[in-house]
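What follows is each chain in one-letter form.
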Amino acid sequence: MNFSGFDFDESVKAALSALDNHGRIPHAIIIESKNREAALEAAKFLSMYAVCTSDSKPCKTCEQCHKAEIKGHADISYPRPENKSKTYSIEQMRNIIKDSYILPNEANAKVYVFEEADNRLTDIAQNSFLKLLEEPPQNVYFILLCESAQKLLVTILSRCTVVRLKNEVRISEKALEYAEKIVKGIISSREYDLLLSLNVLSDKENADETLSTVRMILRDGLALSIGTKAVFNEKLGRELATRFTKGKIIEMIELTDNSAIKIKQNININLLTTWLCGEYRRISWQR
Ligand SMILES: [Zn+2]
């Protein structure tokens, strides 16, 4: 990837470079960032990369790059919800899906950039998207921008490569330490290890962040189990992928989400840890 002329910091360059596989990028990418402008810049960069005709992509000088840069490329669209609505209607989604099967006008690729995907794509809209993400038309790329990929359906996440523009996501050392403990507990075959590790959730101030960090590590496990790259914790992600099937990891992510909701509802922490321990183990051991 050619970053000259782009104002990305090193961590963003690293995250974007990780997408490059012999000159190709994944067909479905989620860019997670609290900074909308930064996410949009990254999406623009990738769209230029997809349509550029030079050997050193994106060159920023060819006609394709130029049109992409000024958002005037016929094959790169940034669909917005119609009719002043805040979300995409099912009809609009159908039209986008239909459109994606039509060959590009002038480039060798088509790109769709969905801004604020975590707000604008309802569950129904996301579901209508699943089949397309599974078997996308050739040379069609979908880039979903969001503040929190966690808000998207797990089924969408599992079909996309997630790029986190890391520099802005600060996870406290406590939450990271706790989350690693829990994940190690999940991987361990001893019930006692898991139960003990879940005790960290009694530190209420950090519980929410701890669970979302557990989720990020589980997601790395999922990414590695479907052959894409880890973005957060490669080592534990690898251990998860080795130990559990993709289906089990997806279930664990859903379970972690549910427990985050329960914490927000102020559930008794002893009940929560006992329940979580039982559920993680049930998922681990089921056939
Ligand atoms: Zn170019």
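Details of the structure are given in the entry above.
Residues numbered from 1 in each chain as written. Predicted model: local features only at pLDDT ≥ 70, side-chain atom pairs only at ≥ 80, totals over all residues. Heavy atoms only, no water.

1. Comments concerning helix 13 (residues 269–285)
In plain terms, the rule: The secondary structure listing takes helices from DSSP runs of H or I that are at least 4 residues long and strands from runs of E that are at least 2 residues long, numbered from the N terminus. Take the number of residues in a helix, subtract one, and multiply by 1.5 Å to get its expected span. Per-residue accessibility, obtained with a 1.4 Å probe over protein chains only, is compared with the maximum for each type, and a residue is labelled buried under 20%, exposed over 50%, and partly exposed between these values. Relevant arc is that of directions from the helix axis to the C-beta atoms, nothing else. Here, residues are in contact when the closest pair of their heavy atoms is within 4.5 Å. We call two N or O atoms a polar contact when they sit within 3.5 Å, provided that within protein one can donate a hydrogen and the other can accept it, with sequence-adjacent residues counted only if both atoms are side-chain atoms.
Here helix 13 contains 17 residues, and its C-alpha end-to-end distance of 24 Å stays within 8% of the 24 Å for a straight helix at 1.5 Å per residue. The complete set of buried residues in helix 13 reads Ile269, Leu272, Thr273, Leu276, Cys277, Tyr280, Arg281, Ile283 and Ser284. Across the axial projection of helix 13, the buried residues extend over an arc of 160 degrees, all falling on one side. Opposite the packed face of helix 13, turned more than 90 degrees from it, sit the exposed residues Asn270, Leu271, Thr274 and Trp285. On its buried side, helix 13 packs onto helix 8 (173–187), helix 9 (191–198), helix 10 (204–225) and helix 12 (246–264). With a side-chain oxygen positioned 2.8 Å from the backbone nitrogen of asparagine 270, the residue opening helix 13 is asparagine 268.

2. Digging into the sheet that holds strand 5 (residues 161–164)
Just so we agree on the cut-off: Two strands make a pair as long as DSSP finds a minimum of two bridges between them. Axes here mean lines fitted to C-alpha atoms, for a helix over just the part in contact, with angles spanning 0 to 180 degrees between N-to-C directions.
Spatially, 5 strands are ordered 2-3-4-1-5 in an open sheet, and the strand pairing comes out parallel. The open sheet has two edge strands, strand 2 (76–77) and strand 5, and neither has a second partner. Contacts from helix 2 (residues 36–51) reach strand 1 (28–32), strand 2, strand 3 (110–114) and strand 4 (140–146), with the element oriented near 175 degrees to strand 4. Against the sheet, helix 6 (residues 123–134) makes contact with strand 1, strand 3 and strand 4, and its axis sits at roughly 135 degrees relative to strand 4, the strand it touches most.

3. As for empty space enclosed by the protein
For clarity, the threshold we go by: Lining residues are defined by having an atom within 4 Å of a point belonging to a cavity or pocket. Those points lie on a 1 Å grid over the protein atoms alone, cavities being sets where a 1.4 Å probe fits but cannot get out and pockets being open sets with protein on both sides within 12 Å along at least five of seven lines. Grid points are joined across faces, edges and corners, and a volume is the space filled by probe spheres set on the points. As a working rule, the residues Ala, Val, Leu, Ile, Met, Phe, Trp, Tyr, Cys and Pro are called nonpolar, Asp, Glu, Lys and Arg charged, and the rest polar, with Gly in that last group.
Applying the stated criterion to the full structure yields 2 cavities of 30 Å³ or more. By volume, the largest cavity amounts to about 110 Å³. Lining the largest cavity are 14 residues, with Leu157, Cys160, Val162, Arg219 and Ala223 positioned closest to its centre. Listing elements by their share of the lining of the largest cavity, those giving two or more residues are strand 5 and helix 10. Per-element tally for the lining of the largest cavity: the top contributor is helix 10, with 4 residues. Residue composition of the lining of the largest cavity, grouped by class: 7 nonpolar, 3 polar and 4 charged.

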